[in-house]
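# Breakdown of the fold
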There are 2 protein chains.
Amino acid sequence: MSNEPATLNAEIDRLRLELHSLQSKEGVNDISIGNYLLNRLAQLGVTSMFGLPGDFNLGFLDLVEDHPQIDWVGNCNELNAAYAADGYARIKEGSLGVVTTTFGVGELSAINGIAGAFSEMVPVLHIVGVPNTVQQKAKPLLHHTLGDGRFDAYGKAAAQFTVLNSYITNKVDAARQIDQAITACITQARPVYLTLPMDLVYPKISSEQLKIHLSPTPPPNPALKEDFVIDIIHQRVTEANGDVVVLVDACVMRHGVREEVKQFLKETGFPVYAAPMGKTAVDENYNRYGGIYVGSLTPPHIKDKVENAKLIVSIGSLGSDFNTGNFSYNIPVSRHIELHSTYTQVQYARFEEVGMKHLLPRLTERLKSFYPVSSKIDVPPFVIELPNEQDPEILHSYFWPRLASFFKPKDVIVAETGTAGFGILGVPLPANSVLVSQILWGSIGWSVGSCLGVALAARDIGLGRVILFVGDGSLQLTVQEISPMIKKGLKPILFVLNNKGYTVERLIHGRNRKYNDIADWKWTALLDTLNDGNKFETASYTVNNKQELNDLLDKPSFADTSKIQLVEVIMQPLDAPEALKRQAEMTSKSNAG
Amino acid sequence: MSNEPATLNAEIDRLRLELHSLQSKEGVNDISIGNYLLNRLAQLGVTSMFGLPGDFNLGFLDLVEDHPQIDWVGNCNELNAAYAADGYARIKEGSLGVVTTTFGVGELSAINGIAGAFSEMVPVLHIVGVPNTVQQKAKPLLHHTLGDGRFDAYGKAAAQFTVLNSYITNKVDAARQIDQAITACITQARPVYLTLPMDLVYPKISSEQLKIHLSPTPPPNPALKEDFVIDIIHQRVTEANGDVVVLVDACVMRHGVREEVKQFLKETGFPVYAAPMGKTAVDENYNRYGGIYVGSLTPPHIKDKVENAKLIVSIGSLGSDFNTGNFSYNIPVSRHIELHSTYTQVQYARFEEVGMKHLLPRLTERLKSFYPVSSKIDVPPFVIELPNEQDPEILHSYFWPRLASFFKPKDVIVAETGTAGFGILGVPLPANSVLVSQILWGSIGWSVGSCLGVALAARDIGLGRVILFVGDGSLQLTVQEISPMIKKGLKPILFVLNNKGYTVERLIHGRNRKYNDIADWKWTALLDTLNDGNKFETASYTVNNKQELNDLLDKPSFADTSKIQLVEVIMQPLDAPEALKRQAEMTSKSNAG
């Protein structure tokens with residue numbers, strides 16, 4: 001068992017909480033249920049809550065508006081609010097995103113955003129204001145109901161996309177239920193659904209339990225089993241003579257092991273590569289980092305390095321089609337070790353309950369002796385070349401390398417599914433920058449709502465500029481969420497890749513089909529139209545060619561992001577990053593069956 | 001049993017279809033499954049299909065785009081697409097609305113729109129393009145999945161809001177499943193979910209079955225039971241000496257008995273009133289029509305007339321809170337008869353299977369002898385007075401009466417939940433005009449998507465101007481759907497009631513709370529910003545006071561709707577129609593519990 005104080009303290013708190021709720025020692029009833037919930041969230045660093053008012057959550061929103069640590073972000077619609085909560089949680093690792101909606105109409109609009117958080121393992125708490133407990137029992141034909149008395153239908157739908165549905169129905173269990181709900185959300189890094197009836201917002205309960213904090217740190221691994229796993233991994237690394245390559249993926253970020261991984265890499269000297277969803281889990285300017293591995297879509301000089309290692313250690317991997325070059329990893333099980341949040345896989349053997357959070361520090365200790373050998377393994381530098389193209393038009397082959405020199409340390413980059421999500425993969429990003437992308441769920445429009453949450457979180461924890469890349473087609477789905485960005489004084493740069501429609505779909509099927517066309521909006525009028533009564537300064541630009549792009553990127557007043565800015569980038573309907581073209585071809589083939 | 005030829009023919013077709021599929025007489029395989037589905041929809045008068053492309057539906061969209069009778073309406077997002085399909089179905093009574101989305105991400109975004117159609121009984125078919133049958137079995141970690149192999153999660157969520165989920169999995173059953181799905185949708189007037197795998201779009205099946213048409217006409221009532229019900233109703237009317245009041249509601253429109261009701265009223269001479277959701281089910285200029293009955297919120301002169309009748313016959317009623325003045329009908333069961341789509345309720349007795357479609361013509365025959373008495377019952381004229389207000393500002397008390405004289409026969413009016421939905425209730429609408437409103441489900445933003453579908457349907461069947469009333473808060477949820485209106489050359493008038501936020505919420509709770517504020521967009525820039533590259537003429541206006549409103553409404557070039565127009569109406573944040581103020585007060589009280 002780990003001897004890390006943080007782990008031990010978390011375990012002690014968990015046990016104390018369990019004891020406390022069993023003893024049901026009633027303290028003074030000094031805090032409303034609503035504020036108990038809000039204080040729990042504040043303890044975990046939640047500073048923004050997303051959502052919309054609706055008549056079943058208004059009482060709760062009074063408490064939110066009055067809460068000293070939590071700011072209410074009024075979104076334009078619930079799907080966008082869920083996306084924003086997802087983006088917020090991705091940036092504030094160890095905390096969570098929270099979205100509050102109203103019964104039926106509000107909560108159902110959010111469901112795709114919640115499902116995306118489930119799929120991509122993002123801790124989002126969905127609080128739903130519901131009818132009071134008397135109505136819940138009598139089931140009258142209220143507005144926002146299905147007209148047939150099925151008050152449980154929404155929860156049943158929600159349950160498909162959460163790790164826990166918790167329905168508060170009385171005062172006595174409220175604190176325990178809230179603690180359970182939040183704990184499930186942060187430890188499993190997945191959505192939880194929590195209903196709060198109108199008449200259970202203000203009743204007072206004891207605040208005693210709030211003294212014991214909730215923690216995302218998972219329980220310790222079973223000690224003997226963990227020892228066994230460490231021995232066996234050590235043995236495999238020894239057999240491989242330290243010829244190990246590490247592959248980091250999404251769950252390094254989602255399950256809070258960024259620091260453990262950094263230490264592991266530093267002390268062992270192992271070369272490291274990232275899967276697309278793991279990009280920026282390790283600083284891309286780290287000298288032992290070699291770029292992105294994505295199966296058969298990987299550039300050959302990287303592919304060889306990864307696939308020829310005697311042993312590949314994957315950390316937090318997520319083997320989806322787009323994350324693996326359509327399942328084209330060329331890594332035999334016999335040379336593969338996988339560390340996950342709740343289990344470890346060594347070749348063909350699966351060790352349940354041995355999670356990476358506590359395993360990694362011990363592995364570091366055990367494997368650092370390989371440093372002298374491992375640190376000598378060659379890692380190709382991860383760079384991108386600006387091509388010498390004569391053509392004035394902005395092609396993806398030029399755009400992404402050009403952006404590479406625009407990015408700065410601590411930048412936060414949000415990339416929409418499609419051309420942006422693929423284009424950004426090849427760009428080496430600066431130290432302490434973060435990439436946010438939704439590669440598995442791939443819901444177009446997600447990046448815009450997400451960008452709002454990302455920007456609020458980034459401001460909160462002192463990250464730098466927020467830069468969104470979104471296609472014109474995707475932006476149409478969620479465009480109104482630019483408005484809260486402006487209203488909250490955020491200053492992202494929004495690059496709108498105007499390629500006249502759904503380019504990613506065109507590449508898969510229907511290159512010249514009308515269903516892949518969209519209306520050609522006046523993109524540069526958006527910030528002005530969606531501003532809050534001209535209160536905020538905005539700037540919009542169109543770049544038609546390479547020269548205009550370069551001029552803009554080089555302008556200090558643009559790069560310093562002193563206001564919110566939108567850049568319409570004129571591109572070709574059928575142009576795309578090479579990797580996307582190849583992925584689309586493979587998708588098209590597998591779709592055909 | 002009814003002897004109406006339409007009923008008998010529908011029954012014959014149903015039996016022939018059943019026989020046909022049992023005999024599984026294989027014809028020549030001459031039509032693709034995708035086109036079989038599209039031809040079925042075209043037979044029922046479907047001319048527009050809503051939705052978005054996604055990589056699992058692209059093959060099917062080729063067929064849609066190439067279909068001679070069906071036009072693909074590319075929406076901006078799936079929720080809006082579902083709203084549009086809902087609006088389309090509401091106008092094209094007897095037909096259905098169709099929305100096509102892609103697996104996971106697309107379909108889940110639409111779910112609130114589908115739930116609304118379920119709640120309000122609107123026939124919407126949701127076609128979902130899903131992975132091919134091989135993938136459905138192997139369940140690989142595809143994009144748009146939850147990452148855990150649960151390919152059935154989306155269908156399970158959808159099933160909460162449909163009368164049928166149908167998953168096409170093979171060629172042999174495809175035609176039968178399609179026919180069942182569409183039949184369930186149009187006869188029950190509720191959503192159906194139909195999945196179409198990528199590899200089952202193009203395989204050919206026999207078109208033989210298409211020769212037998214599908215029909216929304218319900219099966220005949222059991223003959224003896226129907227006779228019994230007619231006798232008993234006749235007896236009750238006799239006991240009441242013909243002192244009967246008829247109350248029409250939503251299902252008159254949804255279950256296609258508009259004509260039957262018209263005939264019933266004409267031949268019996270009974271006075272008629274409408275519930276809010278039944279407004280325009282009967283022409284409001286019909287001389288025996290007395291306006292809206294909504295329980296305790298009803299103006300006294302109408303309330304007395306309805307509640308003092310010896311017998312009240314409700315047709316197609318839907319007793320939701322907002323539709324009944326918060327359940328304040330003062331109509332004892334002993335004086336109440338209710339005709340529904342699948343049963344009849346006479347006082348305390350419920351007669352299952354006796355539906356109104358076939359019952360009404362026979363009741364007309366049986367009760368027309370009461371005409372001499374019933375036609376003499378006084379019906380107060382349904383009028384609205386323009387108040388003589390000195391104040392220049394536009395109050396709801398002035399706005400709605402003023403609009404009354406702007407409306408023309410055949411206008412189609414779409415009213416958003418909130419101030420608009422309540423304000424329009426008191427306005428007598430001209431002959432053959434239609435009101436579309438979502439009073440039970442009440443999802444804000446619905447009216448904008450819906451307006452798109454309404455406008456396409458109205459154009460299709462030769463109705464007149466389409467006029468939307470939406471609040472600024474609601475418009476923010478779904479604003480992008482103005483874009484397809486423009487792109488399709490539609491010319492609605494969009495009245496945006498700018499009252500600086502969610503007024504309906506303010507009235508319920510949090511009058512001056514910030515969570516009820518919204519960003520103050522440049523509303524009159526919307527049409528220009530969302531236009532398709534300036535291709536279409538648009539016009540936008542702001543009216544700040546009564547004079548400006550009058551000037552605009554009187555301008556022939558405005559009233560003739562030769563282009564799409566947006567009118568920003570400046571109103572007060574806390575002003576609302578009287579009925580809404582009183583409803584909000586009641587809602588606030590019952591919410592508190």
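Keep in mind that what you see is a predicted model, and the values were worked out from it rather than measured. (Residues numbered from 1 in each chain as written. Chains lettered and ligands numbered in written order. Predicted model: local features only at pLDDT ≥ 70, side-chain atom pairs only at ≥ 80, totals over all residues. Heavy atoms only, no water.)

### Some remarks on the overall build of chain A
Defined as follows: Secondary structure elements follow DSSP: runs of H or I no shorter than four residues count as helices, runs of E no shorter than two count as strands, and numbering proceeds from the N terminus. Just to be clear, the radius of gyration here is over C-alpha atoms, and the globule rule we use is 2.2 Å times residues to the power 0.38. Contact between two residues is taken to exist if any of their heavy atoms lie within 4.5 Å; hydrogens are not considered. His is not counted here, nor are the chain ends, while Lys and Arg score as positive and Asp and Glu score as negative. Here the site of a charge means NZ on Lys, CZ on Arg, CG on Asp, or CD on Glu.
The secondary structure content of chain A amounts to 25 helices and 21 strands. Here the C-alpha radius of gyration of chain A, 25 Å, is about what a compact globule of 593 residues would show, namely 25 Å. With respect to the principal axes defined by its C-alpha atoms, chain A has extents near 70 × 65 × 50 Å. Long-range pairs, those at least 24 residues apart, make up 76% of the contacts in chain A with a sequence separation of at least 6. Each charge class in chain A was averaged separately, 54 positive and 64 negative side chains, and the resulting centres sit 2 Å apart.

### A short note on the side chain of A:Arg90
The condition that has to hold: Counting of polar contacts relies on pairs of N or O atoms within 3.5 Å, with two restrictions inside protein: one atom must be capable of donating a hydrogen and the other of accepting it, and residues adjacent in sequence are counted only when both atoms are side-chain atoms.
Structurally, A:Arg90 is set in helix α4 (residues 78–91). At a separation of 2.6 Å, a polar atom in the side chain of A:Arg90 contacts the side chain of A:Asp86.

### Section: the relation of the copies chain B and chain A
Rules: The fit set for superposing copies consists of C-alpha atoms from residues with pLDDT of at least 70 in both; the fit itself is least squares.
Overlaying chain B on chain A yields an RMSD of 0.0 Å, the required transformation being a rotation through 180 degrees with an accompanying axial translation of 0.0 Å. Such a combination of turn and shift is consistent with a two-fold rotation axis. Considering only C-alpha atoms, the residue of chain B closest to the rotation axis is B:Ala157, which sits at 2.1 Å. Mapped onto chain A, 100% of the interface residues of chain B are again interface residues, and the two copies thus contact each other with one and the same surface.

### Describing the pairing of strand β7 (residues 192–197) of chain A
Consecutive residues of a regular strand have side chains that alternate between opposite faces of the sheet. All names here are of chain A. Using the following cut-off: Remark: exposure states derive from per-residue accessible area (1.4 Å probe, protein chains only) relative to the maximum for the residue type, with buried under 20%, exposed over 50%, and partly exposed in between. What makes two strands pair is DSSP finding at least two bridges between them.
With six of six residues buried, β7 lies mostly within the body of the structure. Both strand β5 (residues 124–130) and β7 contribute to a ladder of six bridges, which runs parallel. From the neighbouring strand, His126 faces β7, where its bridge partner is Tyr193. One ladder, built from four bridges, connects strand β6 (residues 164–167) with β7; its direction is parallel. Bridged to Ser166 within β7 is Leu194.

### Comments concerning the interface of chain B and chain A
Rules: The term buried area means the drop in 1.4 Å probe accessible area that two parts suffer when joined, counted for both and summed. We define a salt bridge as a side-chain nitrogen of Lys or Arg found within 4 Å of a carboxyl oxygen belonging to Asp or Glu.
The interface is formed by 93 residues belonging to chain B together with 93 residues belonging to chain A. Where chain B abuts chain A, roughly 7,400 Å² becomes buried across the two surfaces, and 55% of that area is made up of carbon and sulfur atoms. The tally of links between chain B and chain A comes to eight salt bridges. Linking A:Asp62 and B:Arg513 is a salt bridge whose minimum nitrogen-to-oxygen distance equals 3.2 Å. There are 54 residue pairs in polar contact (both at pLDDT 80 or more) connecting chain B and chain A. For the side of chain B that touches chain A, the element with the highest residue contribution is helix α3 (residues 58–66) of chain B, accounting for six residues.

### As for the nonpolar core
Filter applied, for reference: For the purposes of this section, nonpolar cores are sets of buried Ala, Val, Leu, Ile, Met, Phe, Trp, Tyr and Cys residues that join through side-chain atoms within 4.5 Å.
One finds A:Phe161, B:Phe161 and B:Ile482 to be the most contacted residues of the largest nonpolar core, which totals 150 residues. Setting aside its immediate chain neighbours within four residues, A:Phe161 contacts A:Ile111, A:Ile114, A:Ala115, A:Phe118, A:Pro191, B:Leu108, B:Leu146, B:Ala153, B:Tyr154 and B:Ala157.

### Some details on the UniProt feature "binding site: Mg(2+)" (unreviewed entry) in chain A
Residues and elements named next belong to chain A. Let me state the cut-off plainly: UniProt positions are given in the numbering used here, feature names are shortened, and annotations may be inferred rather than shown by experiment.
Look at the UniProt record and you will see "binding site: Mg(2+)" (unreviewed entry) annotated at Asp472, Asn499 and Gly501. For the residues just named, distributed over 30 residues, the greatest C-alpha separation is only 6.8 Å, placing them together at one site. Here Asp472 is to be found in helix α19 (residues 472–478). Ignoring anything within four residues of it in the chain, the contact list for Asp472 reads Val496, Leu497, Asn498, Asn499, Lys500, Gly501, Ile518 and Trp523. Here the side chain of Asp472 touches Asn499 through a polar contact of 3.4 Å, landing on its backbone nitrogen. Inspection of the secondary structure assignment puts Asn499 in the loop between β19 (493–498) and α21 (503–508). A residue is classified by how much of its surface remains accessible, and Asn499, at 2% relative accessible area, is buried.

### Re the sheet that holds strand β9 (residues 244–248) of chain B
Residue and element names in this part refer to chain B. The following threshold applies: Only the stretch in contact is used when fitting a helix axis, every axis being a line fitted to C-alpha atoms; angles between N-to-C directions are given from 0 to 180 degrees.
In space, the seven strands of this open sheet follow the order β11-β10-β9-β12-β13-β14-β15, with mixed pairing throughout. Since the sheet does not close on itself, it has two edges, and those belong to β11 (289–292) and β15 (349–352), each with one partner. The average undirected angle you get between the axes of adjacent strands in this sheet is 20 degrees. Looking at chain direction, strand β13 (residues 336–339) and strand β14 (residues 343–346) are connected through three bridges and run antiparallel. Within β14, the position partnered with Glu338 by the bridge is Gln345. Where helix α14 (residues 356–367) meets the sheet, it contacts β12 (311–315), β13 and β14, and its direction lies at approximately 125 degrees from that of β13.

### Focus on the pattern of salt bridges
Residues and elements named next belong to chain A. This model, assessed by the stated rule, comprises 72 salt bridges over all chains. The partner of Glu260 in a salt bridge is Lys357, with the nearest N and O atoms 3.0 Å apart. Here Lys357 lies in helix α14 (residues 356–367) and Glu260 lies in helix α12 (residues 258–268), a separation of 97 residues in the sequence. Since its relative accessible area comes to 16%, Glu260 is described here as buried. In this structure, Glu352 engages Arg350 in a salt bridge whose closest nitrogen and oxygen atoms are separated by 2.6 Å.

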